[in-house]
Amino acid sequence: MKKIKIIMMFLLFFSAIPVSNAFAKIDYSGGLFDGKIIYISNSINQTIGGTLNLSDNNENTNDTISYPSTAFMTAVLTTPSSITGIRLKANNLIRISYIRLLGESNTILHELTSSSIDITGELITFPAVENVKKIIMLTSEGTGVVISEFNAYGTVSTPSPSPTITPEPTPTATATPVPTSTPSPTVSPTPTPTPPVTPKPTATPEQPSGDRAILTVTLINGSEKEYDLPMSEVEAFINWYDARDAGRGPGSYAIDKHSNNKGPFSKRKDYVVFDKILTFEVSEYTIE
């Protein structure tokens, strides 16, 4: 009988605890990307298309990163902001390389490496990072990363108004009358004839034609190099890249700068190092 009384007391105690509190879900609404488009592409500067499934605070909606090589998830802030936390809900951490907070000109302000990224949907907090314009996440392999939620938390930066400085009035000086003198007659010198200048022939600028492409090379530090080249030179670059990726060929490649040749030089070349290339993009066009 005593045991029955003890059991009844425990039942009464636990029944007094509200069930809703025991299983309460954290409300993560109020993020800076709530209801905003987040882009998934192979370039940190691509802002075409995009998805709302990652910023709707609904873990039942998701998108899959399915590029064959490295891929970016990019979220752009319309106003520079102070960021103190990141939230990520994904299914695969091993293929996520980093999350970076970028400022103007893609300057890296803060980085979360794979060892400090939590994909369970819990809030990742850190000291405030000011003037953030863009947040990117890079996957080392394109396929197989399913993302349900991605958001940032903090405050929008409000620039302080510059103080208005009222200039002090400058006192007006009293003019002293100057006596008028009689001008001397002016003697005009005999002009010296200027020898005629023989114009130097102007070099005929390079006139592009045929099949061409814009080759955009993104380096691992986030900077980009862009070249307007004939397709034959773009194909030569791709052949070098593929060969080097297989362990053959030199570690760098010289790209002819063509119309970007400024200064008294007969030719200029830009050397790109294979190990510094993150990704590249080819945009083809034809000039009749």
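For the structure itself, look to the data block above.
Since this is a predicted model, take the numbers as computed values, not measurements.

Reading guide: rules and limits
- Residues numbered from 1 in each chain as written.
- Predicted model: local features only at pLDDT ≥ 70, side-chain atom pairs only at ≥ 80, totals over all residues.
- Heavy atoms only, no water.
- 1 Å grid on protein atoms, 1.4 Å probe; cavity = no way out; pocket = protein on both sides within 12 Å on 5 of 7 lines; lining within 4 Å.
- Points joined across faces, edges and corners; volume = space filled by probe spheres on them.
- Helix = DSSP H or I, 4+ residues; strand = E, 2+ residues; numbered from the N terminus.
- Nonpolar A, V, L, I, M, F, W, Y, C, P; charged D, E, K, R; others polar.
- Patch = residues over 30% accessible without salt bridge, like charges linked within 9 Å, V, L, I, M, F, W, Y side chains within 5 Å.
- Areas by Shrake-Rupley, 256 points an atom, 1.4 Å probe, with all protein chains shown as cover.
- Salt bridge = Lys/Arg side-chain N within 4 Å of Asp/Glu carboxyl O.
- Lys, Arg positive; Asp, Glu negative; His and termini not counted.
- Charge placed at Lys NZ, Arg CZ, Asp CG, Glu CD.
- Phe/Tyr/Trp six-rings, centres within 6.5 Å; stacked < 30°, edge-to-face > 60°.
- Buried < 20%, exposed > 50% of the residue type's maximum accessible area, 1.4 Å probe, protein only.

Asks: Help me get a handle on empty space enclosed by the protein, residues and values and all.
Replies: Within this structure, the stated rule accounts for one cavity of 30 Å³ or more. Taken as a whole, the largest cavity encloses approximately 60 Å³ of empty space. Tallying contributions element by element places strand E4 (residues 96–102) first for the lining of the largest cavity, with three residues. Considering only residue class, the lining of the largest cavity consists of nine nonpolar, three polar and one charged.

Asks: Any chance you could break down a negative patch on the surface for me, citing the residues and the numbers?
Replies: A contiguous patch of negative charge on the surface is contributed by Asp-211, Glu-235, Glu-284 and Glu-288. By the secondary structure assignment, Asp-211 is in strand E8 (residues 210–219).

Asks: Before we move on, can you summarise the packing of aromatic side chains with the specific residues and values?
Replies: Evaluated as defined, the whole model comprises eight aromatic pairs. Considering the side-chain rings of Trp-240 and Tyr-253, the 5.2 Å spacing of their centres and the 35 degrees angle between planes classify their relative orientation as tilted. Residue Trp-240 is found in helix H3 (residues 231–245), and its partner Tyr-253 is found in strand E10 (residues 252–256); the two are separated by 13 residues along the sequence. This pair shows no difference in class: Trp-240 is buried, exactly as Tyr-253 is. Both rings, one in Trp-240 and one in Phe-274, keep their centres 6.1 Å apart while their planes meet at 85 degrees; by these two values the pair is edge-to-face. Linking Trp-240 in helix H3 with Phe-274 in the loop between strand E11 (269–273) and strand E12 (277–287), this pair joins segments that are 34 residues apart in sequence. Each member of the pair, Trp-240 together with Phe-274, is buried. Three or more aromatic residues link up through ring pairs in this structure, and these residues are Phe-237, Trp-240, Tyr-241, Tyr-253, Phe-274 and Phe-280.

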